[in-house]
Amino acid sequence: MSDSGTKTLNFNVGVLGHVDSGKTSLARALSSTASTAAFDKNPQSRERGITLDLGFSSFTVDLPHHLRDKPELQQHDSLQFTLVDCPGHASLIRTIIGGAQIIDLMMLVVDVVKGVQTQTAECLLIGELTCPRMVVVLNKTDLLPANKRQSAIEKMTKRLHKTLEGTRFKECPVIAVAAKPGGPEAADTEEPQGVPELIELLKKQTYLPQRDPAGDFLMAVDHCFSIRGQGTVMTGTILQGSLAINDTVEIPALKVTKKVKSVQMFRKPVSGAMQGDRVGVCVTQFDPKLLERGVVCTPGSLRTLYAAVISVRKIGYFKGSLATRAKFHITVGHETVMARVTFFGLPPVGVLEPPSDTKLPPEPCSLETPFTFDREYFHQDEYLMGQGEASSGPDPEQWALLEFERPVTCPSLCLVIGSKLDSDIHANTCRLAFQGRLLQGFEDKGYAETALPRLRIYKTKHKEGQVERVTDDYTVIGRNLFKKETNLQLFVGLKVTLSTGEAGVIEGGFGQSGKFKIRVQEGLLPETKQLLSSTSKKKGKGGSKGGPANEEEPKADSQPVGIHLHFKRYVFDPHKKMVQS
């Protein structure tokens, strides 16, 4: 949207890959205009020679022919590729997920000598979650001996196509380049190889991204610095909505609002910008040290959450189980924070269902499935995997409650990724555990008292005891169902069933040792009375003789009559009430 008469379409290309696969040198070879964040400006990154933050840089080409006929692009004559160079270090996966939400095309850089490594696989996953298209770049071809170069490239291309078969990127183009022949130490006189071809390939892959100026403004800020006499400039990418000069924006992390003084896109002043654009926004009287990364938004549009309910789906490559009460790193909006997770799903279906072969195959669950406080949910000890032949069916629909260790600021319905970032970086395992969408947020610090009781998640409980003796045709005394210290008043009125079939109701305690009285409204069956009188007689005999006979008691052929109590309890009910359906 530069105001010089012609327009430029901005297209965000994420450059992801394993550490040291040569992403930064590739971005440098592709780029002409380096934006402020680009090329490892981070001092820590320079020392380590590794990109530590999302670097951004861009280059502009003529608008490709296949985009010229689009009515929306009649006034555009150029296409700007913004390269988002995502860090490859495993510990920095948080940053990658932050950058992946604004990416239109993914460029996965693979070291042609080493092939797919742990982080390459993790990058692929992040791509699958957040991005529709991908190009694979085999880098460092200059390291292959010239006579075997072609066959090695072909072999690696085949291997990659095999790896990508099961993903949404099967058939994606693979291209070989040498971004910095001779390695990072070599003189800059060496020309990169294969880069013009790569630019042509990128142009072919472009499409008109869905950009929507409507809705609340939200921008991911990756750098903040001051310019003397001007003010503070925040650079970043607009994730949603649009922005114009004189708008007021909020920095929710600091709870301050600022007026927009000027807007720039790649060093050219513009009057406004919208979703997908990469901009610098100048405000006054704001200390840049207060905000290095984070978000700015329309005042009041973002919420700060202490807990949230999300739809959840496990990531197939994650090896461990997902247990309730476990802690995960949760990336939501532009933050990564630890949270404790509680999984829950739909109540188990009754036994009266028709046999499963007549049922239609279950629909794979959508992450957009609405969640409502109006229905009951079943508490799960862990995430449930799909049943069916060789458990290949889709996973059943389920949700998770996340309780954050510190509040997070994020838009609603945003993507949520859960990972185990504390597992070993060098172990060859995927650390991304689950993904989902934020469906319901709790903004009250005291949400455990104010909001969670509305969340009707229950556990089913089953207790078993035995009938000790009959007092009359309608009453029996039971034992072993409760501990001595249990408050029996809580259980009065609950229904129980006897193993002989009768139904009864707990009337109250009997004596001090946790025994209790059961009233059987329909009366005991004659056989039950027969059974109970025979067991109590045996007891009587043993008791009168004194010691030894007692040891023979278990030999009695008759089984004691069992008492079964089933109830459910809501996990977040402050009164811990027991409910029977």
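Note on numbering: residues in each chain are counted from 1, in written sequence order. In keeping with the model being predicted, local features are shown solely for residues with a pLDDT of at least 70 and side-chain atom pairs are shown and tallied solely at 80 or more, while totals for entire chains, interfaces and linings include all residues. Each side-chain value is derived from all of the structure's non-hydrogen atoms; neither hydrogens nor water enter the calculation.

**Notes on the nonpolar core**
For our purposes a nonpolar core is just a set of buried Ala, Val, Leu, Ile, Met, Phe, Trp, Tyr and Cys residues, chained together by side-chain atoms within 4.5 Å. Exposure categories follow from relative accessible area, calculated using a 1.4 Å probe and restricted to protein chains: below 20% of the type maximum is buried, above 50% is exposed, and the middle band is partly exposed. Counting 29 residues, the largest nonpolar core has Leu26, Leu30, Met107, Leu198 and Leu202 as its most contacted members. Mapped onto this core, the elements with two or more residues apiece are β1 (7-17), α1 (23-30), β3 (55-62), β4 (76-85), β5 (105-111), β6 (134-139) and α7 (195-205). Going along the chain from the N terminus, every DSSP run of H or I of four or more residues is numbered as a helix, and every run of E of two or more is numbered as a strand. Ranked by the residues each element gives to this core, the list is headed by α7, at five residues. Residues are treated as being in contact if the distance between any of their heavy atoms lies within 4.5 Å. Excluding its chain neighbours within four sequence positions, the residues that come into contact with methionine 107 are Val13, Gly14, Val15, Leu16, Leu26, Leu30, Leu83, Val135, Val137, Leu198 and Leu202. Grouped together as the second largest cluster of nonpolar side chains are 25 residues, Val312, Val341, Ala400 and Val416 included.

**Looking at the packing of α1 against α7**
Relative to each other, α1 and α7 sit at 85°, their axes nearing to 10 Å. In terms of axis orientation, α1 runs roughly perpendicular to α7. Packed against α1, whose contacting residues are Leu26, Ala29 and Leu30, the element α7 presents Val195, Leu198, Ile199 and Leu202 at the interface. Per-class residue counts for the contact of α1 with α7 are seven nonpolar, no polar and no charged. Only C-alpha atoms enter the line fits that serve as axes; for helices the fit covers just the stretch in contact. Angles between N-to-C directions range over 0 to 180 degrees. Comment on the angle field: the value is read as roughly parallel under 35 degrees, roughly antiparallel over 145, roughly perpendicular from 65 to 115, and oblique elsewhere. Polar here means any residue other than Ala, Val, Leu, Ile, Met, Phe, Trp, Tyr, Cys and Pro, which are nonpolar, and Asp, Glu, Lys and Arg, which are charged; Gly is therefore polar.

**Topic: the pairing of strand β24 (residues 432-442)**
Regular strands place side chains that alternate from one sheet face to the opposite one. Extensive coverage of β24 is indicated by the burial of eight of its 11 residues. Following DSSP output, two strands are said to pair if at least two bridges run between them. Strand direction decides the pairing type here: strand β18 (residues 303-314) and β24, joined by eight bridges, are antiparallel. Residue valine 309 lies in a different strand from β24, and its bridge partner there is glutamine 440. Sheet analysis places strand β23 (residues 415-419) next to β24, joined by five bridges and oriented antiparallel. Within β24, the position partnered with valine 416 by the bridge is glycine 436.

**Structural notes on the packing of aromatic side chains**
Put simply, two rings from Phe, Tyr or Trp (the six-membered ring, in Trp's case) pair if the centres are within 6.5 Å, and we call them stacked under 30 degrees between planes, edge-to-face over 60, tilted for the rest. Overall, the coordinates contain 18 aromatic pairs when judged by the stated rule. Arranged with centres 5.3 Å apart and planes meeting at 85°, the rings of phenylalanine 11 and tyrosine 207 form a pair that is edge-to-face. Here the residue phenylalanine 11 occupies a position in strand β1, and tyrosine 207 occupies one in the loop between α7 and β8 (218-227), the gap between them amounting to 196 residues. Like tyrosine 207, phenylalanine 11 is buried. Ring geometry for phenylalanine 482 versus phenylalanine 491: centroids 4.5 Å apart, planes at 45°, classification tilted. Here phenylalanine 491 falls in the buried class, since its relative accessible area comes to 4%. Here a set of aromatic residues connected by ring pairs shows up, and it is made of Phe344, Phe371, Phe373, Tyr377, Trp399, Phe442 and Tyr447. In this arrangement the basic side chain of lysine 420 is found over the ring face of phenylalanine 328, its NZ or CZ atom lying 4.5 Å from the centre. Our definition puts a charge over a ring when NZ of Lys or CZ of Arg is within 6 Å of the ring centre and also within 35 degrees of the ring normal. Taking the ring centre of tyrosine 458 as reference, the NZ or CZ of lysine 568 above it sits at 4.3 Å.

**Concerning the pairing of β5**
Across the seven residues of β5, seven count as buried, placing the element largely inside the fold. Both faces of β5 are covered, namely the face carrying Leu105, Met107, Val109 and Asp111 and the face carrying Met106, Leu108 and Val110. Pairing of β5 with β6 involves six bridges; the strand directions are parallel. For methionine 106, the partnering residue across the bridge sits in β6 and is methionine 134.

**Observations concerning unusual backbone geometry**
Within the chain, asparagine 480 stands out as a residue other than glycine whose phi angle is a positive 65°. Unlike most non-glycine residues, lysine 576 shows phi in positive territory, near 50°. By the secondary structure assignment, lysine 576 is in the loop between β30 (562-570) and β31 (578-579). A relative accessible area of 45% places lysine 576 in the partly exposed class.

**Brief notes about the pattern of salt bridges**
Take a side-chain nitrogen of Lys or Arg and a carboxyl oxygen of Asp or Glu: if they are within 4 Å of each other, that pair is a salt bridge. This structure, assessed with the given rule, holds 10 salt bridges. Note that arginine 303 is salt-bridged to glutamate 443, the shortest N-O span being 3.0 Å. Of this pair, arginine 303 sits in strand β18 while glutamate 443 sits in the loop between β24 and α8 (447-450), and the two are 140 residues apart along the sequence. The partly exposed category is assigned to glutamate 443, whose relative accessible area is 46%. A salt bridge links glutamate 376 to lysine 568, with the shortest nitrogen-to-oxygen separation between them at 2.8 Å. You can see glutamate 376 sitting in the loop between β20 (335-345) and β21 (377-380) and its partner lysine 568 sitting in strand β30, a full 192 residues away along the chain. Accessibility expressed as a relative area gives 22% for glutamate 376, which makes it partly exposed. Owing to a relative accessible area of 15%, lysine 568 belongs among the buried residues under this scheme. A cluster of three or more residues bridged by salt bridges with shared partners is formed by Glu376, Arg456 and Lys568.

**Examining α1**
What α1 keeps buried is the set Lys23, Thr24, Leu26, Ala27 and Leu30. Buried positions in α1, seen along its axis, are confined to an arc of 160° and lie on one side of it. Note that the arc is computed from the directions linking the helix axis to the C-beta atoms.

**Things to note about the environment of methionine 107**
Locating methionine 107 in the fold gives a position in strand β5. Each C-alpha atom of the pair methionine 107 and leucine 16 lies 6.2 Å from the other, and the pair is 91 residues apart in sequence.

**Considering the environment of proline 526**
Mapped onto the fold, proline 526 is located in helix α9 (residues 526-544). Through-space distance from the C-alpha of proline 526 to that of aspartate 473 is 9.2 Å; in sequence the pair is 53 residues apart.

**So, the side chain of threonine 409**
Structurally, threonine 409 is set in strand β22 (residues 398-410). Owing to a relative accessible area of 10%, threonine 409 belongs among the buried residues under this scheme. The term polar contact refers here to a pair of N or O atoms within 3.5 Å; inside protein, the definition further demands a hydrogen-donor-capable atom paired with an acceptor-capable atom, and it admits residues adjacent in sequence only when both atoms are side-chain atoms. Among the polar contacts listed, one links the side chain of threonine 409 to the side chain of threonine 304, at a separation of 3.4 Å. When residues no more than four places from it in sequence are discounted, the contact partners of threonine 409 are Pro252, Leu302, Arg303, Thr304 and Glu335.

**Details of the confidence of the model for the protein chain**
pLDDT is a residue-level measure of predictor confidence that goes from 0 to 100. Here the protein chain averages 77 in pLDDT, and 76% of its residues register 70 or above. Of the regions scoring below 50 in pLDDT, residues 32-55 engages in 76 contacts with residues more than four places distant in sequence or in other chains.

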